[in-house]
Number of protein chains: 2
Amino acid sequence: MIVTSIGLAAAFLTIFSFIPQALHTIRTKNTSGISLYMYSIFTLGTLLWLVYGLFTANIPIIVANGVTLLFSAIILFYKIKYK
Amino acid sequence: MIVTSIGLAAAFLTIFSFIPQALHTIRTKNTSGISLYMYSIFTLGTLLWLVYGLFTANIPIIVANGVTLLFSAIILFYKIKYK
C-alpha cells in the first residue's frame, strides 16, 4: 500500500514536472539553455510510449504519455521557433 | 513482438534523452531557459521511482530511473549553481 503510493507519487511528479518547464518557456521564450536533441528524442519517445499504450490498451500509459507528449511538444515547438 | 519493440524503443528514447541536455548544460553552463521547478520535481520523481523499483525488486524500473536520476540531478545541480 505504501509502496504503491510511492509509485503513484513518482508517476505524478515525473509527468507533471514538464508543466512548469512549458509555462517557463512560453512566458520567457528563452530556449537557449534547452537542448534541441533532448526534446526531439524525448518527444519521439513519449509518442512511441503513447502508441505502445494504445496497442496494449494500457490506460495509465496512455494518460501519462498523452499529457507528457503535449507539454514536451510545446517546449520543442518553442525551441525550434525561438532558437 | 513489434509492440514490445515499440515499448522498448520508447523507454530507451525517454531515458537517454536527458544525456544531451546534461552535456549541453555542462558544456555551456547556460541554464537560463531551464525551469528550476521542473528539475526539482522531476529529480524527486525519479528518486521516488528508484525507491519504488527497489521495494518491488523491479530491475527495469531500477535501471531506467537510476540512469535518469543521475543526469537529472546533474542538470539540477548546474541550474542551482549557475542560475
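See the structure printed just above.
Residues numbered from 1 in each chain as written. Chains lettered and ligands numbered in written order. Predicted model: local features only at pLDDT ≥ 70, side-chain atom pairs only at ≥ 80, totals over all residues. Heavy atoms only, no water.

Colleague: Describe in detail the interface of chain A and chain B, supporting the description with residues and values.
Modeller: Each partner contributes to the interface: chain A provides 33 residues, whereas chain B provides 33 residues. It is Leu 13, Gly 33 and Met 38 of chain A in chain A that bury the most area against chain B; as a group they hold 17% of the surface buried on that side. Linking chain A to chain B there are ten residue pairs in polar contact (both at pLDDT 80 or more). Mapped onto the side of chain A that touches chain B, the elements with two or more residues apiece are α1 (2-16), α2 (18-28) and α3 (36-55) of chain A. No other element matches the 13 residues that α3 of chain A contributes to the side of chain A that touches chain B. Residue composition of the side of chain A that touches chain B, grouped by class: 20 nonpolar, 13 polar and no charged. (Contact = heavy atoms within 4.5 Å. Buried area = accessible area lost by both parts, 1.4 Å probe. Polar contact = N/O pair within 3.5 Å; in protein donor to acceptor, adjacent residues only side chain to side chain. Helix = DSSP H or I, 4+ residues; strand = E, 2+ residues; numbered from the N terminus. Nonpolar A, V, L, I, M, F, W, Y, C, P; charged D, E, K, R; others polar.)

Colleague: Run through the packing of helix α2 (residues 18-28) of chain B against helix α4 (residues 59-81) of chain B, naming residues and quoting values.
Modeller: Residues and elements named next belong to chain B. Look at α2 against α4: their axes get within 9 Å of each other, and the N-to-C directions meet at 25°. Comparing their axes, α4 and α2 come out roughly parallel. The way α2 lies across α4 gives a crossing that is left-handed. Contacts from Phe 18, Ile 19, Gln 21, Ala 22, Thr 25 and Ile 26 of α2 reach α4 at Thr 68, Phe 71, Ile 74, Ile 75 and Tyr 78. A breakdown of the residues in the contact of α2 with α4 according to their chemical character gives eight nonpolar, three polar and no charged. (Axes fitted to C-alpha atoms, helices over the stretch in contact; angles between N-to-C directions. Parallel < 35°, antiparallel > 145°, perpendicular 65-115°, else oblique. Left-handed = near helix turned anticlockwise from the far one by under 90°.)

Colleague: Help me get a handle on the relation of the copies chain A and chain B, residues and values and all.
Modeller: Both copies of the chain are tied together by a single rotation about an axis and a shift running along it. Placing chain A over chain B gives an RMSD of 0.0 Å and needs a rotation angle of 180°, together with 0.0 Å of translation along the axis. These values place the two chain copies in the arrangement generated by a two-fold rotation axis. When C-alpha positions in chain A are compared against the rotation axis, the closest is assigned to Gly 33 of chain A, at 2.3 Å. A share of 100% of interface residues in chain A that are also interface residues in chain B marks the association as one of identical surfaces. (Least-squares fit on C-alpha atoms with pLDDT ≥ 70 in both.)

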